[in-house]
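Listed below are the residues making up each chain.
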Amino acid sequence: MDAMTKPAPNPLLAGEVPPCFGLIEAAHIRPAVGQVLAAERAELERLAAVETPSIEWLRDTERLLERIHDVWSPVSHLNSVASTPELREAYNDCLAEVTAFFSDLGQNEGLFARFEALGASLPSEPEAELIRQSLRDFRLAGVALEGKDKEAYREISLEIAAKQAEFEQNLMDATDAFEHHEADAANLTGLPEQVLERASAAAAEKGLEGWLFKLDPPTYRSVMTHADSSALRERYYRAWVTRASDQGNPEWDNSPLIEDILKLRQRAAELLGFRNFAALSLAKKMAESETKVLEFLEDLAARCRSFAEKELKTVEQCASRRLDAWDVAYYSEKLKQKTLRIGDEELRAYFPLPRVLAGLFELTERLFGIRIEETTGPPLWHEAARIFALRNADGTPVGKLLTDFYARPNKRGGAWMDGCTNRSRLGPLERDPIAHLVCNFAPPSKGAPSFITHNDVVTLFHEFGHSLHHLLTEIDYPSIAGINGVAWDAVELPSQFFENYAWHPDVLRSISSHRDTGEPIPDDKIDTLIASRTFLAGLAMLRQIEFALFDFMLHSRTEPATRDEVQALLDDIRARVGVMPTPAFNRFQCTFGHIFGGGYAAGYYSYKWAEVLAADAFAAFEETGAFDPETALSFRRAILAVGGSRDAMESFIAFRGRPPVLDPLLRQAGIID
Ligand code: ZN
């Protein structure tokens, strides 16, 4: 090949940080992933055969993981924010290869033996913690099992993954199959204009008169909250809580899958030497024991219950009758409008995104002395994506934040933080961290900035809290820097902690500027907004506790439950803990994708667990002042800087001087004074 036709270098292999996202094409993905995995398989074999592992050997294993991250992270990011059919195909192809690589790595006995040897000779931190976590992950991948068991474990893992995917698929198909056709406008009063417009377009598309409604979550929530027709709400409620169950099309019934998954999980746990799946799940969590988790949930439930009962009574009074399950959300909304007189849309006019960001950055400087300014860099994946540089007060660079705020086609919904580049200080690999912060706010219209709801503000602060965790880390090993290596039930601490600032009057004033007047949000509106935070908070909390208890008790059994036993357990928890009316046809378990389709099995309690930590951490600031720089410095040092380099409880105690307590969360929810 002569110089004239030499192809341009593959941007995925250029080793730049941040990568040149704008130059990456679908055609670059397979060659780059193939090349890096082949090279790293060889490196893996070399490392697994090294005679005497040293610190340098440990750093080599970290550099190996980083080289894979450098190629795979931009691919998966693009798959989420700038998807095309070609890109998705290349991504799916390579995903299997990457997964296989990590599964082989997890069961590599040579590598495992060298981690063990190094651990025995190297007791100092943070390396010791990195080795402890690595050894744990090898064991949880089944590395220590003998021949037949090892093979069985690998097969069970694959089978669980396939059944979980099937569970999700059934749920999706059952949801998508539902349709409700309505010809009479009188039955649709109360529904928001937006929902009606979509339904009338859907009807027109099928050549029908009137409106055609689907069962997607926004439509479901709108009907339950706003539809005046009790018959329509009942129909929707019934459809929602019987999806993928024995009450519908048997083809999509998830009940047999639930039995299979529970059996497989119990087998997997036993192979690894655990009593049950809950114990296996806790191996990677902050909570010390099954008893601790159950006590935590029961205690929280006991403290919320009478409060939630009272809340339900007020809703009933508002409705002037006993409520059915499909009435609660509807009359709660009526009560909210009556007591608070506040609307999301009215508040939106106070929060132009540029002002919100400026206020958020001022807050960061006030707390941590960190300055954040927009900067330039390589071409990114979309013109709306921006780069911000973070610097310490003395001007030294801390890291970068890549933002992508607006909703658009071919971008995954929701909001998230992700590590673009991990912090590392590994000899030739010296890097500052870079974070992705992605949201789906309404895009700006011509000549005006994007105005966001207060709910969006809370989301932004949440993801920004995760970003600071990633960016303010001072750990040199990527595997335990930032959010990496942090226990699953503690990782939401910084994010939920940061949400509190979105409710602080000073911050609300500094992030707001009215569309017409430029004035900050007035005090009376601040008061109402803050009051709305605790509106029916007891009912919401109790519902989450019910789910968490069901999940944890189900996985605490040593005999996998049959479908009747699953139902009996759920009924029992509802009767004992819940206050909401639940009809006998309810099959919530068949729709519980978090634990049967995703990674929250015996871990749903994590949401509440981390919320306790976050509220208690913020209470420290309430004692010294929400903006007290010394408390902020202590939070930065004890929680943000150390990342996953030490036990989450140790970090919490280092900040708070004691283990976490429940009261601050109950106060925050208005359940106690
Ligand atoms: Zn989060």
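All values derive from a computational prediction rather than experimental measurement.

Caption draft 1: Spotlight on the overall build of the protein. Assigned secondary structure in the protein consists of 26 helices and nine strands. Computed over the C-alpha atoms, the radius of gyration of the protein is 26 Å, within 12% of the 26 Å expected from 2.2 N^0.38 for a compact globule of 673 residues. Taking the principal axes of its C-alpha atoms as reference, the protein extends roughly 75 × 60 × 60 Å. Counting contacts in the protein only where the partners sit at least 6 residues apart, residues at least 24 apart contribute 73% of the total. Total accessible area computed for the protein in this model is approximately 29700 Å², and 51% of it derives from carbon and sulfur atoms. Charged side chains in the protein number 72 positive and 102 negative. The centres of these two groups are separated by 2 Å.

Caption draft 2: Geometry of the coordination of the zinc ion. Only H462 (NE2), H466 (NE2), E492 (OE) and E492 (OE) from the protein coordinate the zinc ion, and they sit 2.1 to 2.8 Å from it. The motif formed by the donor residues of the zinc ion, counted along the single chain, is H-x3-H-x25-E. Here H462 pairs with H466, and both are found in helix 16 (residues 454-471), just four residues apart, close to one helical turn. Accessibility expressed as a relative area gives 13% for H462, which makes it buried.

Caption draft 3: Region of interest: the pairing of strand 5 (residues 397-406). Strand 5 sits mainly inside the fold: eight of its 10 residues count as buried. Where strand 4 (residues 386-391) meets strand 5, six bridges bridge the pair, whose relative direction is antiparallel. The partner of R391 across the bridge, within strand 5, is P397. Two strands pair when backbone bridges link them, and strand 5 and strand 9 (residues 434-441) are joined in this way by six bridges, in the parallel orientation.

Caption draft 4: How the structure looks around helix 23 (residues 606-624). With 19 residues, helix 23 extends 28 Å between its outermost C-alpha atoms, agreeing within 8% with the 27 Å of an ideal straight helix rising 1.5 Å per residue. The buried count for helix 23 comes to 15 of 19 residues, which makes it a mostly enclosed element. Phi turns positive, to about 115°, at G625, one or two residues after helix 23.

Caption draft 5: Main features of the pairing of strand 6 (residues 416-421). Counting buried residues along strand 6, five of its six residues qualify, which places the element largely inside the surrounding structure. Relative to strand 9, strand 6 is paired through five bridges, and the arrangement is antiparallel. By the bridge assignment, T421 is partnered in strand 9 with I434.

Caption draft 6: The arrangement of the sheet that holds strand 9 in detail. Pairing within the open sheet is mixed, and its five strands lie in the order 3-4-5-9-6. Looking at which strands have only one partner, the edges of the open sheet turn out to be strand 3 (371-375) and strand 6. Taken over all neighbouring pairs, the strand axes of this sheet differ in orientation by 30° on average, direction set aside. Lying on the sheet, helix 2 (residues 55-81) is in contact with strand 5, strand 6 and strand 9; it crosses strand 6 at an angle near 145°. Sheet strands touched by helix 16: strand 3, strand 4, strand 5, strand 6 and strand 9. Its angle to strand 9, the strand with the most contacts, is close to 170°.

Caption draft 7: Region of interest: the packing of aromatic side chains. Scanning the entire structure with this criterion turns up 43 aromatic pairs. Aromatic pair F498 and Y501: ring centres 5.6 Å apart, planes at 50°, arrangement tilted. Classification of Y501 by relative accessible area gives buried; the value is 0%. Taking 5.3 Å as the distance between ring centres and 75° as the angle between the ring planes, the aromatic pair formed by F635 and F655 counts as edge-to-face. Placement of the pair is F635 in helix 24 (residues 629-640) and F655 in helix 25 (residues 648-656), with a sequence separation of 20 residues.

Caption draft 8: Inspection of the domain arrangement of the protein at higher detail. Splitting the protein by domain gives domain 1 (11-144), domain 2 (178-242), domain 3 (252-340 + 538-604) and domain 4 (353-534 + 607-668). Counting from both sides, the interface comprises 29 residues of domain 1 and, opposite them, 32 residues of domain 4. Buried area between domain 1 and domain 4, summed over both chains or domains, comes out near 2700 Å², and the portion from carbon and sulfur atoms is 58%. It is P18, E66 and V81 in domain 1 that bury the most area against domain 4; as a group they hold 21% of the surface buried on that side. For the pair domain 1 and domain 4, the interface holds one salt bridge. Two residues, R431 and D70, come together in a salt bridge whose shortest N-O distance is 2.8 Å. On the surface where domain 1 and domain 4 come into contact, there are 15 residue pairs in polar contact (both at pLDDT 80 or more). Breaking the side of domain 1 that touches domain 4 down by element, the ones donating at least two residues are helix 2 and helix 5 (127-140). Sorting elements by how many residues they give to the side of domain 1 that touches domain 4 places helix 2 first, with 14 residues.

Rules of the game
- Residues numbered from 1 in each chain as written.
- Predicted model: local features only at pLDDT ≥ 70, side-chain atom pairs only at ≥ 80, totals over all residues.
- Heavy atoms only, no water.
- Helix = DSSP H or I, 4+ residues; strand = E, 2+ residues; numbered from the N terminus.
- Rg over C-alpha atoms; globule rule 2.2 N^0.38 Å.
- Contact = heavy atoms within 4.5 Å.
- Areas by Shrake-Rupley, 256 points an atom, 1.4 Å probe, with all protein chains shown as cover.
- Lys, Arg positive; Asp, Glu negative; His and termini not counted.
- Charge placed at Lys NZ, Arg CZ, Asp CG, Glu CD.
- Donors = N, O, S within 2.8 Å, 3.2 Å for Na, K, Ca; no water.
- Buried < 20%, exposed > 50% of the residue type's maximum accessible area, 1.4 Å probe, protein only.
- Pairing = 2+ DSSP bridges.
- Expected span 1.5 Å × (residues − 1).
- Axes fitted to C-alpha atoms, helices over the stretch in contact; angles between N-to-C directions.
- Phe/Tyr/Trp six-rings, centres within 6.5 Å; stacked < 30°, edge-to-face > 60°.
- Domains from an automatic or database assignment.
- Buried area = accessible area lost by both parts, 1.4 Å probe.
- Salt bridge = Lys/Arg side-chain N within 4 Å of Asp/Glu carboxyl O.
- Polar contact = N/O pair within 3.5 Å; in protein donor to acceptor, adjacent residues only side chain to side chain.

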